[in-house]
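Observations on chain architecture
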Amino acid sequence: SGARKVDFPEGFDGLDFPEAWILSELDRMIASVTGSMESFRLNEALNSLYDFFWHTFCDWYLEISKVHQERDAEYFRDKVVPVLFHAHLTVMKMLHPFIPFITEKIWQVFSEYRTADAESICVSRWPLAANSGAAAAKTEVDGIIETVTAIRDVKTRFGVPVVKPIDCYFDV
């Protein structure tokens, strides 16, 4: 096909704080899952993967990443999309021991759109933490998550529909 392949840069330079944050969270998840696997605590490994993929990656980062798609198409294409692919494929590699057929199928489907370290996920390298250490990014995103969660809670408490926009004022 004529699809443009997504290349993973050696290092992720020039990232805004949401991308630095998700890579830092990915590093934490890699360390947690690897430690659990090495200690044969498979349930902890799966819980860490689930928590990262569902609650961090899907609930927050995917939604935050859409802002760039609407505002800065070049940054989205050159920075956000590679980070999305990198995080997703890292999770697939780590899920592979638990759900090998599904992860292999996803790996093969993604092969049309990305370059990777192996033809098959079963012979790809186990992910290593990159030690991105983005403490400032974590503080920024944690503040956003806390604020959005508080607004959602207030809307729910007062029966304001989720889709209804509201004006919010707060001190920084």
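Residues numbered from 1 in each chain as written. Predicted model: local features only at pLDDT ≥ 70, side-chain atom pairs only at ≥ 80, totals over all residues. Heavy atoms only, no water.

What follows covers the packing of helix H2 (residues 42–71) against helix H3 (residues 73–95). Two elements in contact, H2 and H3, have axes separated by 10 Å at closest approach and are oriented at 170 degrees. Compared by their axis directions, H2 and H3 come out roughly antiparallel. Contacts from Leu46, Leu49, Phe52, Phe53, Phe57, Tyr61, Leu62, Ser65, His68, Gln69 and Arg71 of H2 reach H3 at Ala73, Tyr75, Phe76, Val80, Val83, Leu84, Ala87, His88, Val91, Met94 and Leu95. (Axes fitted to C-alpha atoms, helices over the stretch in contact; angles between N-to-C directions. Helix = DSSP H or I, 4+ residues; strand = E, 2+ residues; numbered from the N terminus. Parallel < 35°, antiparallel > 145°, perpendicular 65-115°, else oblique. Contact = heavy atoms within 4.5 Å.)

With that settled, the discussion passes to unusual backbone geometry. One non-glycine residue, Phe40, lies in positive phi territory at about 60 degrees. Checked against the element boundaries, Phe40 lands in the loop between helix H1 (17–38) and H2.

Turning next to the packing of aromatic side chains. Counted according to the given criterion, the structure contains 4 aromatic pairs. Ring geometry for Phe52 against Phe57: centres 6.3 Å apart, planes inclined by 25 degrees, an arrangement best described as stacked. For Phe52, a relative accessible area of 4% translates into the label buried. On the basis of relative accessibility, which here comes to 3%, the residue Phe57 falls in the buried class. Ring plane angle 45 degrees and centroid distance 5.3 Å describe the contact between Phe85 and Phe110, whose orientation is recorded as tilted. Of this pair, Phe85 sits in helix H3 while Phe110 sits in helix H4 (residues 100–110), and the two are 25 residues apart along the sequence. Taking the relative accessible area as the measure of exposure, Phe85 reaches 17% and is therefore buried. Through a chain of ring-to-ring contacts, three or more aromatic side chains come together here, namely Phe52, Phe53, Phe57 and Tyr61. (Phe/Tyr/Trp six-rings, centres within 6.5 Å; stacked < 30°, edge-to-face > 60°. Buried < 20%, exposed > 50% of the residue type's maximum accessible area, 1.4 Å probe, protein only.)

Another aspect to go through is the pattern of salt bridges. Applying the stated criterion across every chain yields a total of 6 salt bridges. Residue Asp117 pairs with Arg125 through a salt bridge whose shortest N-O separation is 3.2 Å. According to the relative accessible area criterion, Arg125 is exposed, its value standing at 59%. (Salt bridge = Lys/Arg side-chain N within 4 Å of Asp/Glu carboxyl O.)

Shape descriptors only; they carry no functional weight alone.
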